[in-house]
Amino acid sequence: MSGIVVFGAQWGDEGKGRFVDYLASRADMVIRYQGGNNAGHTVVADGVTYKLHLIPSGILSKGKACVIANGVVIDPSALRREIDYLAERGVSVDNLYISDRAHMIMPYHRELDLLNEKKLGDFKIGTTGNGIGPCYMDKVGRTGLRMCDLMDEESFPAKLKKCVDDKNEIITKVYGGDPLDYEAVLEECRAHANYFRPFVCDTVSMLHEYKEAGKTLLFEGAQGMLLDIDFGTYPYVTSSHPNTGGVCAGAGVGPQVITDVIGVVKAYTTRVGEGPFVTELLDATG
């Protein structure tokens, strides 16, 4: 068994996707272990350009199990669009598996992300506005909704009602925004539940089954290590651990699984978002 980690050794956008695509040919399973749809990997295969945000780049290699693990935060609407996008290009997602423990990005997360950035003004972080930070906040605050919650038709409505009511208080009273309609959000979520039911499973058990069978696991990181919540250029960072340390908790495996680590760099450095940046050009050339 071998476990290969591919991660960005700068601020992201180093070209990790092409390395994952290349290595996927010799792997049995490709696992995305952190981040959300604020990240993106562009891969060119057989002359066709694919832009992926949540689905592992290994999806372009036939017969490879592709896992969106528990450390990822999932926007169900964005993931459905990505699946449809691949289907339009003839790419099957029959080998896609989604962790039942992955937290969901809800409409109120996106709204709070945008409202908070606006409120911060000159001190804004420069987020993508996709709700990743607020979702991770709820995960750590133990108030988040997971894919397994979405699958439970009986208990989900009450859990969602509490979340929407709590977030509407913040949206309206703190930020002066417009409240979300609970019934509309519930209807949207029910449609998501029916759509994703075939994909959601216990991915941790799957990973360990592959490990015990001597299979090769390829872990795909998003963003870059200098955006790590602990070790990056705080506070202008992401909300997860893009480095190798994020693999174990983000996928549910022990450190002994990791046998090879590939850090991807590029000759010149760029970053997305706000904050100070070493060697930044502020003149016409920059």
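Figured I'd write up the structure that's included with this text. (Residues numbered from 1 in each chain as written. Predicted model: local features only at pLDDT ≥ 70, side-chain atom pairs only at ≥ 80, totals over all residues. Heavy atoms only, no water.)

1. Focus: the packing of aromatic side chains
Next, step 1: For the structure on display, the rule yields four aromatic pairs.
Next, step 2: Judged by centre distance (5.0 Å) and plane angle (80°), the rings of W11 and F277 are edge-to-face. Of this pair, W11 sits in the loop between β1 (2–8) and α1 (16–24) while F277 sits in the segment after β11 (260–264), and the two are 266 residues apart along the sequence. Both residues of the pair, W11 and F277, belong to the buried class.
Next, step 3: Ring-pair connections join several aromatic residues into one group, and the members of that group are Y195, F196 and F199.
Next, step 4: The ring of Y195 has R80 lying over it, and the distance from NZ or CZ to the ring centre is 4.2 Å. (Phe/Tyr/Trp six-rings, centres within 6.5 Å; stacked < 30°, edge-to-face > 60°. Helix = DSSP H or I, 4+ residues; strand = E, 2+ residues; numbered from the N terminus. Buried < 20%, exposed > 50% of the residue type's maximum accessible area, 1.4 Å probe, protein only. Lys NZ or Arg CZ within 6 Å of the ring centre and 35° of its normal.)

2. A closer look at unusual backbone geometry
Next, step 1: For the peptide bond that leads from Y234 to P235, omega is 5°, which places it in the cis range.
Next, step 2: Residue position: P235 is located in the loop between β10 (216–220) and α9 (245–251).
Next, step 3: Positioned with a positive phi, Q223 is a non-glycine residue whose angle comes to about 60°.
Next, step 4: Here Q223 lies in the loop between β10 and α9.

3. Things to note about the packing of helix α6 (residues 156–173) against helix α7 (residues 182–196)
Next, step 1: One way to put it is that α6 packs onto α7 with a least axis distance of 10 Å and a crossing angle of 135°. Between α6 and α7, the angle falls in the class oblique. Here α6 runs over α7; the crossing is right-handed. Each of F156, P157, L160, K161 and V164 in α6 lies in contact with α7, whose residues at this interface are Y182, V185, L186, C189 and R190.
Next, step 2: Here the residues of the contact of α6 with α7 are counted per class, giving eight nonpolar, no polar and two charged. (Axes fitted to C-alpha atoms, helices over the stretch in contact; angles between N-to-C directions. Parallel < 35°, antiparallel > 145°, perpendicular 65-115°, else oblique. Left-handed = near helix turned anticlockwise from the far one by under 90°. Contact = heavy atoms within 4.5 Å. Nonpolar A, V, L, I, M, F, W, Y, C, P; charged D, E, K, R; others polar.)

4. Here we look at the packing of helix α2 (residues 76–88) against α7
Next, step 1: Two elements in contact, α2 and α7, have axes whose closest approach is 10 Å; the angle formed by their N-to-C orientations is 45°. Looking at the two axes, α2 sits oblique to α7. The two elements α2 and α7 meet at a crossing, and its hand is left-handed. Residues P76, S77, L79, R80, I83 and D84 of α2 pack against E188, A191, H192, Y195 and F196 of α7.
Next, step 2: Class assignment for the residues of the contact of α2 with α7 results in six nonpolar, two polar and three charged.

5. A word on the sheet that holds strand β2 (residues 29–32)
Next, step 1: If you trace the seven strands from one edge of the open sheet to the other, you get β9-β7-β5-β2-β10-β1-β11, paired in parallel fashion. Every interior strand has two partners, whereas the edge strands, β9 (200–201) and β11, have only one.
Next, step 2: Pairing between strand β7 (residues 96–99) and β9: two bridges, direction parallel. Among the inter-strand pairings, S99 is bridged to a residue of β9, identified as C201. (Pairing = 2+ DSSP bridges.)

6. Considerations on helix α8 (residues 203–212)
Next, step 1: Every buried residue of α8 is listed here: T203, M206, L207 and K211. On an axial view of α8, the arc spanned by its buried residues comes to 135°, and they lie on one face. In this structure, α8 carries E209 and E212 as exposed residues pointing more than 90 degrees from its buried face.
Next, step 2: Buried-residue contacts for α8 involve β2, β5 (65–68), β7, β9, β10 and α9.
Next, step 3: Between the side-chain oxygen at the start of α8 and the backbone nitrogen of V204 there is a gap of 3.2 Å, and the oxygen is on D202.
Next, step 4: One or two residues past the end of α8 sits G214, with phi positive at roughly 80°. (Arc of directions from axis to C-beta. Polar contact = N/O pair within 3.5 Å; in protein donor to acceptor, adjacent residues only side chain to side chain.)

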